[in-house]
Structure formats: structure tokens, C-alpha cells
Amino acid sequence: MTVDVTTLANGLRVVTDAMPHLQSAAVGVWVDAGARYETPEVNGVAHLLEHMAFKGTKRRSAQAIAEEIEAVGGHLNAYTSREQTAYFARVLRDDVPLAVDILADILQHSVFDPEELARERTVVVQEIGQTEDTPDDVIFDQLQATAYPDQPLGWSILGTVERVENMTREALAGFMRRHYLGPRMVLVAAGAVEHAAIVALAEAAFGDLPAAAAPGFAPASYAGGDHRDRRELEQVHFAMGLPGLRYHDDDFYASQVMSTVLGGGMSSRLFQEVREKRGLCYSVFSFASSYLDGGMFGVYAGTGADQVAELVPVICDEMTRLADDAGDEEVARARAQLKAGTLMSIESSSGRAEQLGRQMLIHGRPLPVDEIVGEIEAVDTAAVRRVAARVCGAGQPAVAALGPIDRLASYDRIAARFG
């Protein structure tokens, strides 16, 4: 694999990863603008814009967009996260120019037709309803809002029903004007591609993008706290977070290894102690989420109403114990898991494009695979213990619980375990 980077005059970065043995390519645009760039009045606009980008341009109707890409056997998709939005296509080698043209069209010339907007608002409201009916989805929105209250990083990416139902065409167009700018966008192509050809396509298709700088976002302000939602469910859904590490923290890779040791697989501490030895739940895992200026380290578990009283103290104890007794063997297993996951993820053009797009927005450069693997392999047991102590002593936990929660310990008792 050969990664090349060219920056156009308007600031758009073009990144290619040639994989000559493939007959297809993944082509996408990663935009440095996600849900945390919103204001309260337009919460949900980044996600609705992602939907509306496929609903018609000056040259193509929504149906034409779908028919053109599928006529060559390709497909289009997109997603919105808290810090980024991505639009991408998978096509055969000869159809890469079409993919670039469609992406450029929807990201610069969308018309936001009022009738299409009315229909798509309804679609997104249904998506919000589906999330609300899925407890192991909604619990993470509740945790996020508890950890980062009254700020964009804590709002739902989908927005609220009220905000979406009242979202205007100008709100969409205004967000695109302010944030979809050359310096904030990266065009990535991986697979059966040639760098010079992709650069030429980018110059022709994206050359008119403005070169202005986009507005910033409100700094992350972790608070922690407690959110409990009693519902008639079969299970208690429990999520707990602590202040985590930003992407550029020196201990970032150590936090990923720590998360894997704690709850990253069947050999992890939580899986073995909580599920295998005690039978307290079916699903339990940990996560280490990072942002440009902060992060959250947390745990999720789904358990019965009668088991939650025993489950939560065990989870807390396993988290805090890592600072004292993380062992060489389990750290070595976690490193191997992360290394394998990293290498396996770049065996497909889509995985490679995703990795490069995110790296360019977060780090400003592609990270060589050997560099990532080297960082993972450099994490030793002392680093895991250090990060565990750092995370568990960083602040009050954020707790979210949903379901039959009468036997869940009080917030003060949970927080005291991290004192």
C-alpha cells in the first residue's frame, strides 16, 4: 500500500492508498463538522443534512443519484458522528470518476427541495423513535448527556423530534456554507486508484470549494452525574463513564489497551468475572471514546432487576483494581487483540479509506501502520496501571440506568468507589 497526499489550492486534502490487486475502490469525503458544531436551535442539523445531501442537486434528482450509482453496481452511504460527517461510495475501478462526481455534486450543489425536506424530516423522526424503542441505544445518549450536560457534546446526534420537525431549508444550507469548506474536508480514495488521476478529478470537481476557515466548537466540559429512567423492561441497562483521554494524549494507546484488558473480549476481566464466574449478565463491555479535547472511559452492562445490586459494585471494583494489579499476560493479550484488529481493518479498501479519513481530520496526516502498531506494542503493564489510576481518579462518574432499577445502588455509593 502506498499512501499519497496532495493539498489543493483551496485547502482540500486528497489522499489515496493504492491497492493494485483490487478491482474496486472506496471513495469518500470526510468533513470536519459533526454534531458538536451545532447550536441549540438547530440540534440535529448535521445529521439531517447528511440525509438531505442524497435528496437532489441542481443536476440530479434523488432518484437519479440512486439509479446512477446502482447502475454500475456501486453503493453510497454516509454517517454523522459527534465531530465528523462522512460520505462514501464503493465502486469498480472504471467507475471511480462517477463516484467522485456524485460526491462533489451532493456536497456542493444540493438544493434541499422543500417537499424532499418534509419527507426526510419525517424519516428522521421515525429514526429517533426507533432509537427510543431500543434501550441499549438510548442508554448511551443518556450517558453522554449526563457526562457533558448543557453543551453540544452531550446532545443527541439525531436531535429532538421538535427540532427536527421545525428544521428549515436555510438551517441546512447555512450549516453547509459555514462548515463544508476546503480546509475542513478530505477526499480519500483507496483500492484500484492512481493518485494523479484522483487529484485531477478532485481539482475539477471540488476546485470551487471555499477556502475559508470554519467556526470552532465549544470546549468539552465533563461534569458527571446521575440519570435514572424507570421503565417496564426485562433488563436493567447500565452505563457508567469517567473522564477519558483526548486523541492527542500521550496515554491514548495505553487507554485503548486498558479498555481491552477490562472489557474488550471473552478473556477480559469483566467478561470473565461478571458473566463467566458470576452469571450476572449476558452483555458487558468497556469502551474508551476520545475527542479532540477530551474523552470518556466507560462500561456498559445489561442485567436483571435482581442482579443489578451485585453487578455494579463488581464492575467498579474491577475498574479500580486495574491500577494495582493489571498483569503482564492480560496486557500482552490486549496488545495482540488491538494489533490484530488494526491490521485486519486495513485489508479492505473501505476500512482503509475510513481509517485515512479519520486520521487526516484528527492528526492532519496519515498514520503509518507500523507507527500505530509500534505505539500499541510500546504499552506495558506499568502504563496500563498508570492510566487506570489516572482515569479512576479523574472525576465523578457519569451514571445512566434504564429499566427496573429499584435495586441499583445510590449514586453516592457508586461515586464513593472512585473517591
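Structure shown above.
This one's a predicted model, so the numbers in the text were calculated from it and none came from an experiment. (Residues numbered from 1 in each chain as written. Predicted model: local features only at pLDDT ≥ 70, side-chain atom pairs only at ≥ 80, totals over all residues. Heavy atoms only, no water.)

(A) Quick look at the overall build of the protein chain. The helix and strand inventory of the protein chain stands at 16 helices and eleven strands. Here the C-alpha radius of gyration of the protein chain, 23 Å, is about what a compact globule of 419 residues would show, namely 22 Å. Principal-axis analysis of the C-alpha atoms gives the protein chain an extent of 60 × 50 × 35 Å. Evaluated residue by residue, the protein chain yields a buried proportion of 54% over its 419 residues. (Helix = DSSP H or I, 4+ residues; strand = E, 2+ residues; numbered from the N terminus. Rg over C-alpha atoms; globule rule 2.2 N^0.38 Å. Buried < 20%, exposed > 50% of the residue type's maximum accessible area, 1.4 Å probe, protein only.)

(B) How the structure looks around the side chain of Gln-144. One can find Gln-144 in helix H5 (residues 135-147). On the basis of relative accessible area, Gln-144 is assigned to the buried category, the value being 5%. The contacts of Gln-144, once residues within four sequence positions are left out, are Arg-82, Leu-153, Gly-154, Tyr-291 and Met-296. (Contact = heavy atoms within 4.5 Å.)

(C) Summary view of the sheet that holds strand E1 (residues 2-7). Here we have six strands laid out as an open sheet, ordered E1-E2-E6-E3-E5-E4, and mixed in their pairing. Of all the strands in the sheet, just E1 and strand E4 (75-80) have a single pairing partner and so form its edges. Between one strand axis and the next, the sheet turns through 15° on average, direction left out of account. Summarising the sheet, E1 and strand E2 (residues 13-18) pair through six bridges and their orientation is antiparallel. Across the sheet, the residue bridging to Asp-4 is Thr-16, located in E2. (Pairing = 2+ DSSP bridges. Axes fitted to C-alpha atoms, helices over the stretch in contact; angles between N-to-C directions.)

(D) Just the nonpolar core, in detail. Among the nonpolar cores identified, the biggest contains 55 residues, and Tyr-87, Ile-106 and Tyr-180 are the most heavily contacted of them. Sorting elements by how many residues they give to this core places helix H3 (residues 96-108) first, with eight residues. By size, the runner-up hydrophobic cluster in this structure holds 52 residues, among which are Tyr-253, Ala-301, Ala-334 and Ala-388. (Core = buried A, V, L, I, M, F, W, Y, C linked by side-chain atoms within 4.5 Å.)

(E) Spotlight on the packing of helix H9 (residues 252-263) against helix H11 (residues 308-325). Where H9 contacts H11, the two axes come as close as 11 Å, and the packing angle between them is 130°. Taken together, the axes of H9 and H11 are oblique relative to one another. Handedness of the H9/H11 crossing: right-handed. Facing Met-258, Val-261 and Leu-262 of H9, the residues of H11 in contact are Glu-318, Met-319 and Leu-322. Class assignment of the residues belonging to the contact of H9 with H11 gives a composition of five nonpolar, no polar and one charged. (Parallel < 35°, antiparallel > 145°, perpendicular 65-115°, else oblique. Left-handed = near helix turned anticlockwise from the far one by under 90°. Nonpolar A, V, L, I, M, F, W, Y, C, P; charged D, E, K, R; others polar.)

(F) Summary view of the environment of Pro-149. Mapping Pro-149 onto the fold places it in the loop between H5 and helix H6 (161-165). The class for Pro-149 is partly exposed, based on a relative accessible area of 32%. Sequence spacing of Pro-149 and Phe-88 is 61 residues, and the spatial spacing of their C-alpha atoms is 32 Å.

(G) View of the sheet that holds strand E8 (residues 236-243). The five strands lie next to each other as E7-E11-E8-E10-E9, forming an open sheet whose pairing is mixed. The sheet is open, and its two borders are formed by strand E7 (225-230) and strand E9 (281-291), each paired with just one other strand. Within the sheet, the average angular offset between the axes of one strand and its neighbour, ignoring direction, is 10°. As judged from the five bridges shared by E8 and strand E11 (residues 398-403), these two strands associate in the antiparallel manner.

(H) Unusual backbone geometry, seen in detail. The backbone phi angle of Phe-112 is positive, close to 50°, even though this residue is not glycine. One non-glycine residue with positive phi stands out, namely Asp-150, at about 55°.

(I) Broad picture of the pattern of salt bridges. On inspection of all chains with the given rule, the structure shows 32 salt bridges. Residue Asp-306 pairs with Arg-407 through a salt bridge whose shortest N-O separation is 3.9 Å. Of this pair, Asp-306 sits in the loop between strand E10 (294-303) and H11 while Arg-407 sits in the loop between E11 and helix H16 (411-416), placing them 101 residues apart in sequence. Overall, Asp-306 belongs to the exposed group, its relative accessible area being 54%. Linked by salt bridges that have partners in common, Arg-59, Arg-60, Glu-68, Asp-101 and Asp-105 make up one network. (Salt bridge = Lys/Arg side-chain N within 4 Å of Asp/Glu carboxyl O.)

(J) Structural view of the environment of Ala-336. Looking at the secondary structure, you find Ala-336 in helix H12 (residues 328-345). Remark: the alpha-carbon pair of Ala-336 and Gln-108, spanning 228 residues in sequence, is separated by 43 Å.

(K) View of helix H7 (residues 169-179). Taken together, the buried positions of H7 are occupied by Ala-171, Leu-172, Ala-173, Gly-174, Phe-175, Met-176 and His-179. Among the structural elements, strand E3 (24-31), helix H1 (45-52), H3 and helix H4 (114-132) are those in contact with the buried residues of H7.

(L) View of the state of the cysteines. Taken as a whole, this structure holds zero disulfides when the rule is applied. The thiol of Cys-316 is not disulfide-bonded; the next cysteine sulfur, from Cys-392, is found 9.0 Å away. Under the relative-accessibility criterion, Cys-316 is labelled buried at 1%. (Disulfide = S-S within 2.5 Å.)

(M) Spotlight on the packing of aromatic side chains. Throughout the structure, instances matching the rule amount to 13 aromatic pairs. Summarising the aromatic geometry, the rings of Trp-30 and Phe-88 are spaced 6.3 Å apart at their centres and angled 15° between planes, so their arrangement reads as stacked. Placement of the pair is Trp-30 in strand E3 and Phe-88 in strand E5 (residues 85-92), with a sequence separation of 58 residues. On the accessibility criterion, Phe-88 (24% relative accessible area) is partly exposed. For the pair Phe-140 and Phe-285, a centre-to-centre distance of 6.3 Å together with 20° between the ring planes defines the contact as stacked. Here the residue Phe-140 occupies a position in helix H5, and Phe-285 occupies one in strand E9, the gap between them amounting to 145 residues. For Phe-285, a relative accessible area of 31% corresponds to the partly exposed category. One aromatic cluster is present, formed by Phe-140, Phe-285, Phe-287 and Tyr-300 through successive ring pairs. (Phe/Tyr/Trp six-rings, centres within 6.5 Å; stacked < 30°, edge-to-face > 60°.)

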